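Structural overview
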Amino acid sequence: MTRSFDTGGAPHLPPQTTVAAVMLQVLLALVPGVLAYTWFFGPGMLIQIILAVVFALLFEALMLRWRGWPLKPFINDYSAVVTAVLFALCIPPLAPWWISCIAMLFAIVFAKHLYGGLGQNVFNPAMVGYVVVLISFPQVMTAWLPPLALADYSPGLMDSLATIFTGQIPVAGGWDAATQATPLDTLKTGVDAGRMVPEIRSAPIFGDYGGLGWEWIANWFALGGIFLLYKRTINWHVPVAVIGSVVLLSLPFWLADPDSNPFPLQHIFSGALVLAAFFIATDPVSGCVSNRGRLIFGAGVGITTLIIRRWGGYPDGVAFAVLLMNMAAPLIDRYTRPRMYGE
Amino acid sequence: MSQADQVEQARQAGRRTHHFHGGLRLRHNKKISCQNPVVPPPLPELLVVPLLQHAGDFAEPSVSDGEKVLKGQVIGQCQPCAAIHSPVSGVVEAIEDRPMSHPSGQPGPCVVIRPDGQEQWVQLNPIKDWLEASPEILIAQIQDCGIAGLGGAVFPTHAKTRDGRERQIHTLILNGAECEPYISCDEMLMREQPDKIILGARVLRRALGAERVIIAIEDQMGAVQAALTRSAKLAECKSISVVKVTTIYPEGGERQLIQVLTGLEVPAGGRPSDLGMVCQNVATAAAVADAVVEGKPLIERYITVTGNGVSHPRNFLALIGTPVSHLVDASGGYSNDVARLVIGGPMMGYPVASDDTPVVKASNCLLALTQRDIVAPQPEMPCIRCGECARVCPATLLPQQLHLQIKTGLWDQAKEYGLSACIECGCCDYVCPSHIPLVEWFRYGKGEQRKRVLESEAAELARKRFEEREARLLRVKRERAEKMALRKQLLKDKAAQQDRIRDSIARAESRLKKAGEQPDDA
Ligand code: SF4
Ligand code: SF4
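What comes next is a walk through the structure. Not measured: the values here are computed from a predicted model.

A few words now on the site of ligand 2. Residues and elements named next belong to chain B. Every residue lining ligand 2 is accounted for by Cys393, Pro394, Pro399, Cys422, Ile423, Glu424, Cys425, Gly426, Cys427, Cys428, Val439 and Phe442. Of all the elements in the fold, those that place two or more residues in the shell around ligand 2 are α14 (427–431) and α15 (438–521). A breakdown of the residues in the shell around ligand 2 according to their chemical character gives 10 nonpolar, one polar and one charged.

Moving on: the interface of chain B and chain A. Counting from both sides, the interface comprises 60 residues of chain B and, opposite them, 41 residues of chain A. Buried surface at the junction of chain B and chain A, summed over both partners, amounts to about 4,500 Å²; 59% is from carbon and sulfur atoms. Contact with chain A buries area across many residues of chain B, yet B:Ile384, B:Arg385 and B:Tyr430 alone supply 16% of it, more than any other trio. At the junction of chain B and chain A, the tally comes to two salt bridges. For the salt bridge of A:Asp333 with B:Arg385, the shortest nitrogen-to-oxygen distance reads 3.7 Å. Counting across the chain B and chain A interface gives 16 residue pairs in polar contact (both at pLDDT 80 or more). Looking at the side of chain B that touches chain A, the elements with two or more residues in it are α7 (254–262), β14 (338–343), β15 (350–352), α10 (371–374), α11 (388–392), α12 (399–407) and α14 of chain B. Per-element tally for the side of chain B that touches chain A: the top contributor is β14(B), with five residues.

Residues and elements named next belong to chain B. Across the sheet, four strands lie side by side as β10-β9-β8-β11; this open sheet has parallel pairing. What marks the edges here is a single partner per strand, and that holds for β10 (240–245) and β11 (277–281). Averaged over neighbouring strand pairs, the angle between their axes works out to 25° when direction is ignored. The strands that helix α5 (residues 194–208) touches are β8 (171–176), β9 (212–218), β10 and β11; relative to β8, the one it contacts most, it runs at about 150°.

What follows covers helix α1 (residues 19–41) of chain A. All names here are of chain A. With 23 residues, α1 extends 32 Å from end C-alpha to end C-alpha; this agrees with the ideal 33 Å at 1.5 Å per step. Most pronounced at Val31, the bend in α1 amounts to some 35°, and the proline Pro32 follows within four residues. Looking one or two places after α1, you find Gly42, whose phi comes out positive at around 90°.

About the criteria used
- Residues numbered from 1 in each chain as written.
- Chains lettered and ligands numbered in written order.
- Predicted model: local features only at pLDDT ≥ 70, side-chain atom pairs only at ≥ 80, totals over all residues.
- Heavy atoms only, no water.
- Near = heavy atom within 4 Å.
- Helix = DSSP H or I, 4+ residues; strand = E, 2+ residues; numbered from the N terminus.
- Nonpolar A, V, L, I, M, F, W, Y, C, P; charged D, E, K, R; others polar.
- Contact = heavy atoms within 4.5 Å.
- Buried area = accessible area lost by both parts, 1.4 Å probe.
- Salt bridge = Lys/Arg side-chain N within 4 Å of Asp/Glu carboxyl O.
- Polar contact = N/O pair within 3.5 Å; in protein donor to acceptor, adjacent residues only side chain to side chain.
- Pairing = 2+ DSSP bridges.
- Axes fitted to C-alpha atoms, helices over the stretch in contact; angles between N-to-C directions.
- Expected span 1.5 Å × (residues − 1).
- Bend = angle between axes of the 7 residues up to and from the residue.

In structure tokens, the structure reads:
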């Protein structure tokens, strides 16, 4: 008696992983950093994450429906969630709710789906969303609270919710009294005003090598990044190139003139550099494919960030740096094709 | 490095081992089929011997319906391919299209033989004094006995040997590294028949004119190394060395194995003989020994029957033409949840639709998988460019780019990115989080590329023909025009002549007239 069988293609082994699993791993790796964030800046960040995720999934679902794509498996591949979380980590914890809405509109609808959806986007969606709101609403986007340790006012969960949804901060003196310049801001305005770096850094918002609180958040993000490296979800090339190029480039400046140039660690442990090095510039879709290409890409992000921090109009330039390098990625790919076997 | 330097370096092969790019460390799953000694299964009721078993063309059947055949009798001829022999003595029941165990899944002509149980051999012609025989005679014997590469590529061994001889190779590599999970037939062969392998290695070395032989085995093949070394010592053969290589899939691929042994890459589009090496499977060597020393044609082979889908996984010495269902019965039948039958390993094997498919020279493994082993097909997602595929690709290609290029029909780019260098190992496919059937794309792309080459050749031919025709027409036209012109000229000349004649006649007449008149006047 003969039996018949199905004839699926090789390999005849269960697949090793899925897109969803990769994205979940990224989310998992972000947990320590997010917790640290909440520790230093209060629960606002968590609310921002939830808001961004909700808007991102909403736009994702709408776009899938509109393009006639099935909701499953695309809505539960978690790629929109990763975009949303990375965006939320870049904005002030008490930014009004509509910031997320606008940013996710641009991130998911324009940067992702109008370019063809998952895997097709040229630009990192999270950074597109961030840059759009940064340019459009500079005031809102720079309204950072000082770390809890330094603040007279520390918003609880209800206060944070109220602030995010009403735009009113329940503090005598309102926003002006509650917010404070970030360490990077302080540094930039200080240096521009001709003050010495050591003198600026003696302000309480600076920590041992970065901004107070910020440096620890960066550490926890780096820990998550190392987890991803260990899991081989990301390759070492981009993070090493980003951080390495920042160190290599800022070191001679600092050695030559430590009074007007911050030392390398200061650069790394402030702003979004570590987050970008491990989580944002490593986005495979908008990055480079070969290892050599990734090194160039990462170095490009690091160098451009430094240039913007030093001479540009924004205190932190990571988002712009990533977007610029996204643009250069196809070209880098073209010139860094690896040598084939036997070639 | 110049080619001469490379050949020189290749002579040092096996001194130390090197690495190739990428690859996968897979679970071996080999032990389960290695517990019992290899036995022949009971004689099947019917044997189906496909006439397409080698890389190359279909063989021409040399028997007809109802004819009585002897064991080892030639039943299919193919020049310059290898011959096909009857695995048993019996009666040819039919020559008809049947499933023939081929990746294409298409049925093809097969010789169906009903064994008579007598096991009557044809007259065999062993070369007893093979140490004295000329390489040409050895090669002819290998061809007559239908030996082909038993590792899976089934390239006729005599052709490879002759080519290697002509190209003056220095090293013969015997590939004993079965890199795919589950497959253990070569390991069992090396354990049980080390003498035969060493004998085959010596015969092949003589036929090739090679200086040395390297037998490459996996580092976890236990007793194999000792067994082979002992046999080599017994045969007093110093030119044979056994080298252990790390088990990483696809280590057993010819190009990867050479890279591991020499640190060199076979040039793109080239062959191992460019480095002065020839690669043969260990089972092929054993078959060569049988063919030359005993005169036995290739009618049986070691095959692993394994997987969670069969009750008692093990290895068999099966006659070519045995239906795989027969082997499954001999190993205790299917388990209840069997879902897929694969000929070959889980990475590169092909699934068969029914189990009346026969064992052929290329079949090294029959893998019966359960639903749990294969998992329901996952939805294909878009490529997220994660680069995993490129990380594991042993040919250092960029599978994600190739996939895109094939999908969008950028054939020139796909060529530039090395589509033809893909060995279809399936590593990229296995790791892809988006579950893109990359290898299927690459096979399709290669086919398409071949078609395009043929088409462009055909187009080139057509263009040439057209041009020739145009030129011919032009020539004809010109010639005709020239002829016309000539004829016109001639006519004109004639007319002019006639005119002249007429004129002169007229003149003469008028002169005559005048003359006639004058006298009158005078
Ligand atoms: S492994 Fe799959 S998803 Fe990742 S780059 Fe390769 S083809 Fe794309
Ligand atoms: S199938 Fe081809 S492209 Fe994929 S890993 Fe193997 S050689 Fe590379």
